[in-house]
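# Commentary on secondary and tertiary structure
These are the residues of each chain, in order.
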Amino acid sequence: MPLFNKKSAKISNPSPPMTKDPHHHLFYENNNSYNSNGKNLATGTTMPTAPHIDDLNHESNVTKPQLVFNCQLAHGSPTGFITGFASVKELYQKIAECYDFAMDEILFCTLNSHKVDMSNLLGGQIGLNDFIFAHKKGRPKEVEIVKSEDALGLTITDNGAGYAFIKRIKSGSVIDRIQHIQVGDHIEKLDGVNVVGKRHYEVARMLKDIPTGSTFTIRLVEPMKSGFQGIAPRKGGAKQSKPGGYGSGKETLRFKANGNAAIEDEHDDATQCGIDAINTLLDSFMGINDTELATQIWDLGSNKTNSMDFAEAIDASDLEAFGFTDDFIIELWGAITDARQGRHRR
């Protein structure tokens, strides 16, 4: 049952609709009688004219219906209706208002699945038929880690609203051997330093800069769990099909880097393959996963004819702040050209 049902507007002193008596050629409006010439039989005044159809069309063009998305809390709740947002932060705020809790309680959202399933993580886009599941903060935990290898085996992403969290754990890595650390855990502090508000690449850089052989403490906050809803396992498992009717739309609401949102068609196979390949490179080189960033890189390179033009486009954009190396830009360009020529397969 929805949390909030829209109430119909109250109308004071409702008036009966205007009708025409076919036998007496009289019009009735607000209990006043008019003859066929539009004269009020009681007062002699002229019947008010109805608005022109062009005026009605103009008004309908000005007022357009907003998109409405279904939402639930992942650990269990009634269904709420979310509308009127143009960014991930605004979406979180609307969800928090709907369920009456603070926005910073939301760790991340998944689409069409209540499980901590990173393949369904909400990033920079939402399908128009997608069902949103919001994951709230659960139990905090502190883990002491010995960095016995250069790489910890983490892939980090963020929720677009200030929280970095673990998206992937590499099998056999340092982190994989610590069962208390799970996919979906929010990284709150590193050695007592609060990292809330930092982007994923900043947190990944801090972890990378920890000297090999040293011991550090990481404070994590896991997503809230409930007794009757399962959380996806860390490893393997059968592929889950989407609930019927969810995520089947061909159009997508995309959140732009400039703060705007727009409805666009789904990416074609070449574009999606290129974005996936770029995201894989971001994971390999930087330890982060960010579909929105990968999409922005694809958009900068999809219409370029050579790597020099692509590099100049990167430098002229806000991506220049990442300080991509020449080797990394060449790798990115290779992923883009491979996708355009059909050498990548989904």
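From a predicted model like this one, the values you see are computed outputs, not experimental measurements. (Residues numbered from 1 in each chain as written. Predicted model: local features only at pLDDT ≥ 70, side-chain atom pairs only at ≥ 80, totals over all residues. Heavy atoms only, no water.)

### Observations concerning the overall build of the chain
For the chain, the helix and strand inventory stands at seven helices and 15 strands. Counting across all 346 residues of the chain, residues that qualify as buried make up 40%. Considering only contacts within the chain whose residues lie at least 6 apart along the sequence, 57% involve residues at least 24 apart. Accessible surface, the chain: about 19700 Å² in total, of which carbon and sulfur atoms supply 49%. (Helix = DSSP H or I, 4+ residues; strand = E, 2+ residues; numbered from the N terminus. Buried < 20%, exposed > 50% of the residue type's maximum accessible area, 1.4 Å probe, protein only. Contact = heavy atoms within 4.5 Å. Areas by Shrake-Rupley, 256 points an atom, 1.4 Å probe, with all protein chains shown as cover.)

### Looking at the pattern of salt bridges
Across all of its chains, the model carries nine salt bridges by this definition. The shortest N-O distance in the salt bridge between lysine 141 and aspartate 185 comes to 2.9 Å. Here lysine 141 is found in strand E8 (residues 132-146), whereas its partner aspartate 185 is found in the loop between strand E10 (164-169) and strand E11 (186-190), with 44 residues between them in sequence. Taking relative accessible area as the criterion, lysine 141 reaches 13% and is therefore assigned buried. (Salt bridge = Lys/Arg side-chain N within 4 Å of Asp/Glu carboxyl O.)

### Examining helix H7 (residues 326-340)
Taking 1.5 Å of rise per residue, the 15 residues of H7 would be expected to cover 21 Å, and the 21 Å separating its terminal C-alpha atoms lies within 8% of that figure. Those residues of H7 that are buried are in contact with helix H4 (269-286), helix H5 (291-301) and helix H6 (307-315). Glycine 342 lies just past H7 and shows a positive phi near 80°. (Expected span 1.5 Å × (residues − 1).)

### So, the packing of aromatic side chains
All chains considered together, the criterion is met by eight aromatic pairs. Seen in terms of ring centroids, phenylalanine 285 and phenylalanine 328 are 4.7 Å apart; in terms of plane orientation they differ by 40°. Their pairing is tilted. Taken together, the residues phenylalanine 285 in helix H4 and phenylalanine 328 in helix H7 connect sequence positions 43 residues apart. The exposure class of phenylalanine 285 is partly exposed, given its relative accessible area of 39%. Exposure remark for phenylalanine 328: the relative accessible area of 2% places this residue in the buried category. (Phe/Tyr/Trp six-rings, centres within 6.5 Å; stacked < 30°, edge-to-face > 60°.)

### Quick notes on the packing of H4 against H7
Where H4 meets H7, the axes come as close as 8 Å, and the angle between the chain directions of the two elements is 160°. Judged by the angle between their axes, H4 and H7 are roughly antiparallel. Crossing of H4 over H7 shows right-handed handedness. From H4, Ala270, Cys273, Gly274, Ala277, Ile278, Leu281, Leu282, Phe285 and Met286 reach across to H7, where they touch Phe328, Glu331, Leu332, Ala335, Ile336 and Ala339. Along the lines of polarity and charge, the residues of the contact of H4 with H7 split into 13 nonpolar, one polar and one charged. (Axes fitted to C-alpha atoms, helices over the stretch in contact; angles between N-to-C directions. Parallel < 35°, antiparallel > 145°, perpendicular 65-115°, else oblique. Left-handed = near helix turned anticlockwise from the far one by under 90°. Nonpolar A, V, L, I, M, F, W, Y, C, P; charged D, E, K, R; others polar.)

### Focus on the side chain of serine 113
Locating serine 113 in the fold gives a position in the loop between strand E6 (106-111) and strand E7 (125-127). On the basis of relative accessibility, which here comes to 13%, the residue serine 113 falls in the buried class. For serine 113, the side chain forms a polar contact with the main-chain nitrogen of lysine 115, separated by 3.2 Å. With residues near it in sequence (within four places) discarded, serine 113 still touches Asn120, Phe133 and His135. (Polar contact = N/O pair within 3.5 Å; in protein donor to acceptor, adjacent residues only side chain to side chain.)

### Some points on a negative patch on the surface
On the surface, Glu312, Asp315, Glu320, Asp326, Asp327 and Glu331 cluster together to form a negatively charged patch. Looking at the negative patch, the elements that each hand over two or more residues are H6 and H7. Considering every element that reaches the negative patch, the biggest residue donor is H7, with three residues. Mapped onto the elements of the fold, glutamate 331 is located in helix H7. (Patch = residues over 30% accessible without salt bridge, like charges linked within 9 Å, V, L, I, M, F, W, Y side chains within 5 Å. Lys, Arg positive; Asp, Glu negative; His and termini not counted. Charge placed at Lys NZ, Arg CZ, Asp CG, Glu CD.)

### Observations regarding the pairing of strand E4 (residues 68-73)
When a strand is regular, its side chains alternate between the sheet's two faces. By the alternation rule, side chains of E4 split into Phe69, Cys71 and Leu73, which are all buried, and Val68, Asn70 and Gln72, of which none is buried. Taking the residues that link successive antiparallel strands as the turn, the E4-strand E5 (residues 80-83) hairpin has six residues, and the phi of glycine 76 there is positive, at about 120°. As judged from the three bridges shared by E4 and E8, these two strands associate in the parallel manner. Across the sheet, glutamine 72 pairs through a bridge with phenylalanine 133, a residue of E8. (Pairing = 2+ DSSP bridges.)

### Looking at the nonpolar core
Ile95, Ile187 and Leu207 are the most contacted members of the largest nonpolar core, which totals 76 residues. There are two domains that each give this core at least three residues, and those are domain 1 (68-223) and domain 2 (267-341). Ignoring sequence-local partners within four residues, the contact set of isoleucine 187 consists of Ile156, Ala164, Phe165, Ile166, Val195, Val203, Leu207, Ile218, Arg219 and Leu220. (Core = buried A, V, L, I, M, F, W, Y, C linked by side-chain atoms within 4.5 Å. Domains from an automatic or database assignment.)

### Section: the environment of glutamate 149
Inspection of the secondary structure assignment puts glutamate 149 in the loop between E8 and strand E9 (154-158). C-alpha separation for the pair glutamate 149 and threonine 212, spaced 63 residues apart in sequence, amounts to 5.9 Å. With sequence-adjacent residues up to four places away left out, glutamate 149 is seen in contact with Val174, Arg177 and Thr212. One polar contact links glutamate 149 to arginine 177, side chain to side chain, over a distance of 3.4 Å.

### Here we look at the packing of H6 against H7
Where H6 contacts H7, the axes come no closer than 10 Å and their chain directions differ by 115°. For the pair H6 and H7, the crossing hand works out as right-handed. The segment H6 lies against H7, with Ser307, Phe310 and Ala311 engaging Ile329, Leu332, Trp333 and Ile336. The residue inventory of the contact of H6 with H7, partitioned by class, reads six nonpolar, one polar and no charged.

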